[in-house]
Amino acid sequence: MSLFNRLAVVALLLVLLLLSACARPVYQVRVIDTPESRELLGWQKPYEVNGVRFHPLAEYQGYRERGTASWYGRDFHGLKTSNGEIYDMYGVSAAHKTLPMGTSVRVTHLASGRQVTVRINDRGPFVGDRIIDLSYGAARELGIVES
């Protein structure tokens, strides 16, 4: 292989690496405005993400859910969350698809028993079967950053 061909392959790999680092999931979000929801605040209204409809809960007392937690960080740091706050990846907060904004939630790492209490201030996660998306700070407290 000539030197030119090797340089071309290396350059192509670098470009692909840079493009993959910049890729973020793209979501189509639509708030569903119906006569029943017109009086609700924006984050209380039903919404749709990529064709899947979600209905924020009005009542959450006793709510329990078991499943996979994930975390989000640098790509969203400094951007607005669903309730209008600025996301601080080092803070302790979380995103949930349907729990009311401002709700405090205790998340338990079942393997280690570690717990963290987070406040819901965003919507998500919309990837796979995950049930809650923790801030980096909350994930660090639970010890799940590496996993």
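Residues numbered from 1 in each chain as written. Predicted model: local features only at pLDDT ≥ 70, side-chain atom pairs only at ≥ 80, totals over all residues. Heavy atoms only, no water.

Draft legend 1. Structural detail: the sheet that holds strand S5 (residues 93-95). Within the open sheet, the 5 strands sit side by side as S4-S8-S5-S7-S6. Their pairing is mixed. This sheet does not close on itself; its edge strands, each paired only once, are strand S4 (68-72) and strand S6 (104-108). Each strand of the sheet is rotated relative to its neighbour by a mean of 45°, with strand direction disregarded. Relative to strand S7 (residues 115-122), S6 runs antiparallel, the two sharing 5 bridges. Its bridge partner being in S7, Thr108 is matched across the sheet by Gln115. (Pairing = 2+ DSSP bridges. Helix = DSSP H or I, 4+ residues; strand = E, 2+ residues; numbered from the N terminus. Axes fitted to C-alpha atoms, helices over the stretch in contact; angles between N-to-C directions.)

Draft legend 2. Fine view of the confidence of the model for the protein chain. On average, residues of the protein chain carry a pLDDT of 81, and 71% of them reach 70 or more. Counted against residues more than four places away or in other chains, residues 16-28, with its pLDDT under 50, gives 11 contacts. (pLDDT = per-residue confidence, 0-100. Contact = heavy atoms within 4.5 Å.)

Draft legend 3. Fine view of the pattern of salt bridges. Counting across every chain of the model gives 2 salt bridges. With its nearest N and O atoms 3.9 Å apart, the salt bridge here joins Glu48 to Arg53. Here Arg53 falls in the partly exposed class, since its relative accessible area comes to 44%. Glu85 is paired through a salt bridge with Arg119; the nearest N and O atoms lie 3.0 Å apart. (Salt bridge = Lys/Arg side-chain N within 4 Å of Asp/Glu carboxyl O. Buried < 20%, exposed > 50% of the residue type's maximum accessible area, 1.4 Å probe, protein only.)

Draft legend 4. Main features of the nonpolar core. Ranked by internal contacts, the top residues of the largest apolar core, which has 16 residues, are Val105, Val107, Val118, Ile120, Ile132 and Leu134. Contributing elements (two or more residues each) for this core: S6, S7, strand S8 (130-135) and helix H2 (136-142). With residues up to four places along the chain from it excluded, the contact list for Val105 reads Leu99, Val116, Thr117, Val118, Ile120 and Ile132. (Core = buried A, V, L, I, M, F, W, Y, C linked by side-chain atoms within 4.5 Å.)

Draft legend 5. Representation of unusual backbone geometry in the model. Across the junction of Gly124 and Pro125, the peptide omega takes the value -5°, indicating a cis bond. Residue position: Pro125 is located in the loop between S7 and S8. Even without glycine at this site, Asn50 takes up a positive phi of about 50°. Checked against the element boundaries, Asn50 lands in the loop between strand S2 (47-49) and strand S3 (52-54).

Draft legend 6. Geometry of the environment of Lys80. Looking at where Lys80 falls in the secondary structure, it is placed in the loop between S4 and S5. Sequence separation between Lys80 and Asn121 is 41 residues; the distance between their C-alpha atoms is 9.8 Å. Not counting residues within four places of it along the chain, the set of residues in contact with Lys80 comprises Glu85 and Ile86.

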